[in-house]
Amino acid sequence: RNTEVFAPTFNGDGIVRSDDITMDPRYGRNAPRRGMPDGHLPVRSYLAVPVISRAGSVLGGLFFGHASIGVFSERSERGLTGLAAQAAVAMDNVELAQAAQKEIAERTRAEEALRDLNANLEREIIERT
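Residues numbered from 1 in each chain as written. Predicted model: local features only at pLDDT ≥ 70, side-chain atom pairs only at ≥ 80, totals over all residues. Heavy atoms only, no water.

Below, the discussion takes up the sheet that holds strand 3 (residues 58-66). The 3 strands lie next to each other as 1-2-3, forming an open sheet whose pairing is antiparallel. Among the strands making up the open sheet, the edge pair consists of strand 1 (16-18) and strand 3. Across the sheet, the mean angle separating the axes of adjacent strands is 10° when strand polarity is ignored. Two strands pair when backbone bridges link them, and strand 2 (residues 45-52) and strand 3 are joined in this way by 8 bridges, in the antiparallel orientation. When the bridges of strand 3 are listed, Tyr46 appears paired with Gly65. Relative to the sheet, helix 2 (residues 74-128) contacts strand 1, strand 2 and strand 3, its axis offset from that of strand 2 by approximately 30°. (Pairing = 2+ DSSP bridges. Helix = DSSP H or I, 4+ residues; strand = E, 2+ residues; numbered from the N terminus. Axes fitted to C-alpha atoms, helices over the stretch in contact; angles between N-to-C directions. Contact = heavy atoms within 4.5 Å.)

Given below as structure tokens:
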């Protein structure tokens, strides 16, 4: 669910780091909930970093929570920003590899069709001469 707390990450607006997410004005403002859903692990410290592709689209996010207050630091944020960038590169590379495989398959089909056409033309030439 793209709640007000998750929206900045899913929209690619930036990193959300909170020492106590329950004090954030965006927290608990999505009906029907007024906080964590039943059975959810307790979260006070919160850190979310968007994973953004080379093209600028949001691929997802890295979300971290902890039951204690003030767990995540600027150093945590920098480290996870680097990890998110690496995840984006990996996902972009998968997309590029898939596009390359598709191109190779299309070229292979075209080469086979051209070989068949050449074989048919050679047969016709032999038959006519």
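From this point, the narrative continues.
Take the pattern of salt bridges next. Any two side chains of opposite charge can pair if their charged atoms end up close together. Per the counting criterion, the structure on display carries 6 salt bridges. A salt bridge links Asp24 to Arg26; the shortest N-O distance between them is 2.8 Å. Accessibility expressed as a relative area gives 14% for Asp24, which makes it buried. Here Glu74 ties to Arg78 by a salt bridge, and the two come within 3.4 Å at their closest N and O atoms. With Glu74 and Arg78 both in helix 2 and 4 residues apart, this pair spans about one turn of that helix. Like Arg78, Glu74 is exposed. (Salt bridge = Lys/Arg side-chain N within 4 Å of Asp/Glu carboxyl O. Buried < 20%, exposed > 50% of the residue type's maximum accessible area, 1.4 Å probe, protein only.)

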